[in-house]
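Residues per chain, in single letters:
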Amino acid sequence: MNQEQRRDFFSRLKLLNPKPTTELEYHSPFELLIAVILSAQATDKSVNLATRKLYKVANTPKEFYALGIAELSTFIKTIGLFNAKAKNIIATCKLLLEHHGGEVPRTREALEALPGVGRKTANVILNTAFGEPTIAVDTHIFRVSNRTGLAPGSTVLQVEKKLLKAVPKEYALDAHHWLILHGRYVCKARKPDCAHCVLIDLCHYKRKLKQTEKAVALFPATKQNTKSHSTGKTQKHHG
Ligand code: SF4
């Protein structure tokens, strides 16, 4: 994909959703940090259900630390790996209070030093809470980057580094959310909805051709046609 195509790629996503943002609910960098820690291997919906109640009781490092692991666990027990997450969150709050004046730090190094915070979480915080043009490569972004040919790579870090070079500057801040939302709702893991995708002519994904052919088929599919699609063999038509 060349620079012009990449610009086209993001201009279309922007047209569909001019102000993309996270689906996690939060009102401060600290609330976002906790929500992102909780969202590892869990849906945003399940995290929002838990944090809506939790943040009414506690929404600062001091209040969380006062809650303690056992009490915090009762609010997040519907979320996968909640025991480990509760321990990490309380340890993180302790560090925030002791070393950062109760504030969420703004550097990658300090963020990654917090328990339960890896590169991906740090990138989300830097991007969404502090407006840095970072990209946190999750399963959706990894898939979209590879399928489309925007930033193919075999590891998360490789894809992240390629994306940082590939995304045109004017789209760098919001690229993270456009790619996640596109992967979550259109370019889905099992059944990418290529027939309704605005990126179809820019995308390199080979299987999309089959879906497009189906979508625009002039003739109803016959058993014979279906077979020829699935095997990829050419078929001779007589008469
Ligand atoms: S055309 Fe298909 S594979 Fe390509 S980005 Fe769109 S949904 Fe994904």
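Refer to the structure above for everything that follows.
Within each chain, residues carry numbers counting from 1 in the order of the written sequence. Owing to the predicted nature of the model, reporting of local features is limited to residues with pLDDT of at least 70; listing and counting of side-chain atom pairs is limited to 80 or more, with chain, interface and lining totals taken over all residues.

Caption draft 1: A look at the overall build of the protein. Numbering of helices and strands runs from the N terminus; a helix is a DSSP stretch of H or I covering at least four residues, while a strand is a stretch of E covering at least two. For the protein, the count of helices and strands is 12 helices and zero strands. Along the chain direction, N to C, the helices and strands of the protein fall in the order α-α-α-α-α-α-α-α-α-α-α-α. Using C-beta atoms placed from the backbone, we call a residue buried if 20 or more other C-beta atoms fall within 10 Å of its own, exposed if 12 or fewer do, and partly exposed for counts in between. Expressed as a percentage of its 239 residues, the buried residues of the protein come to 34%. What counts as a contact here is a pair of residues whose C-beta atoms, placed from the backbone, lie within 7 Å. Contacts in the protein between residues far apart in sequence, at least 24 positions, make up 57% of those at least 6 positions apart.

Caption draft 2: Expanded view of the site of the ligand. Should the C-beta atom of a residue, placed from the backbone, lie within 6 Å of a molecule or strand, that residue is near it. For the ligand, the set of nearby residues contains 13 residues, the closest of which are Cys187, Cys194, Cys197, Cys203 and Tyr205. For this scheme, ten residues count as nonpolar: Ala, Val, Leu, Ile, Met, Phe, Trp, Tyr, Cys and Pro. Four count as charged, namely Asp, Glu, Lys and Arg, and the remainder, Gly too, count as polar. Grouping the constituent residues of the shell around the ligand by class yields nine nonpolar, one polar and three charged.

Caption draft 3: Local environment of unusual backbone geometry. Phi at Gln41 takes a positive value of approximately 55°, unusual for a residue other than glycine. Checked against the element boundaries, Gln41 lands in the loop between α2 (29-38) and α3 (44-57). Assessed through the 10 C-beta atoms surrounding it within 10 Å, Gln41 is described here as exposed. Phi is positive for Leu81, which is not a glycine, with a value near 60°. Following the sequence through the fold, Leu81 ends up in the loop between α4 (61-76) and α5 (82-99).

Caption draft 4: Highlighting the nonpolar core. Leu33, Leu72, Ile89 and Ile125 are the most contacted members of the largest nonpolar core, which has 56 residues in total. Counting residues per element, this core draws most heavily on α2, which supplies eight residues. When neighbours within four sequence positions are excluded, Ile125 is seen to be in contact with Pro29, Leu32, Leu33, Val36, Val104, Leu111 and Phe130. Only buried residues count toward a nonpolar core: Ala, Val, Leu, Ile, Met, Phe, Trp, Tyr and Cys, linked into one set through C-beta atoms within 7 Å.

Caption draft 5: Inspection of α4 at higher detail. Here the expected span of a helix is defined as 1.5 Å times the quantity of residues minus one. Helix length check: α4, at 16 residues, gives a terminal C-alpha distance of 16 Å against a target of 22 Å (1.5 Å per residue), a shortfall beyond 12%. At Gly68, α4 shows its largest bend, some 100°. Turning to α4, its buried residues number three or more, namely Pro61, Phe64, Leu67, Leu72, Phe75 and Ile76. Where α4 is buried, its residues touch α2, α3 and α5. Throughout, bend refers to the angle between the axes fitted to the seven residues that end at a position and the seven residues that start at it.

Caption draft 6: Looking closely at the environment of Val57. Relative to the helices and strands, Val57 is located in helix α3. We classify Val57 as exposed; it has 12 C-beta atoms within 10 Å. In this structure, the C-alpha to C-alpha distance between Val57 and Leu67, residues 10 residues apart in sequence, is 9.1 Å.

Caption draft 7: Quick peek at the packing of helix α8 (residues 139-148) against helix α10 (residues 172-185). For helices, the axis comes from a line fit to the C-alpha atoms of the stretch in contact; other axes are also lines fit to C-alpha atoms, and the angle between any two N-to-C directions lies between 0 and 180 degrees. Taken N-terminus to C-terminus, the directions of α8 and α10 make an angle of 85°; their axes are 8 Å apart at the nearest point. Classified by the angle between their axes, α8 and α10 sit roughly perpendicular to one another. Only Leu179, Ile180, His182, Gly183 and Arg184 of α10 make contact with α8, whose side of the interface consists of His140, Ile141, Arg143 and Val144. Looking at the contact of α8 with α10 residue by residue, the class counts come to four nonpolar, three polar and two charged. Our angle categories are set so that under 35 degrees counts as roughly parallel, over 145 as roughly antiparallel, 65 to 115 as roughly perpendicular, and the remainder as oblique.

Caption draft 8: Seen up close, the packing of α2 against helix α7 (residues 119-129). Put simply, α2 and α7 touch, their axes get as near as 10 Å, and they point 145° apart. In the packing of α2 onto α7, the handedness of the crossing is right-handed. Together, Pro29, Leu32, Leu33, Val36 and Ile37 of α2 and Thr121, Val124, Ile125, Thr128 and Ala129 of α7 make up the contact between the two elements. Split by residue class, the contact of α2 with α7 holds eight nonpolar, two polar and no charged. Rotating anticlockwise by less than a right angle from the far helix to the near helix defines a left-handed crossing, while the corresponding clockwise rotation defines a right-handed one.

Caption draft 9: Structural view of the environment of Asp138. Locating Asp138 in the fold gives a position in the loop between α7 and α8. Linking Asp138 and Glu160, residues 22 residues apart in sequence, is a C-alpha distance of 9.6 Å. Setting aside residues no more than four positions away along its own chain, Asp138 makes contact with Lys120 and Ile180.

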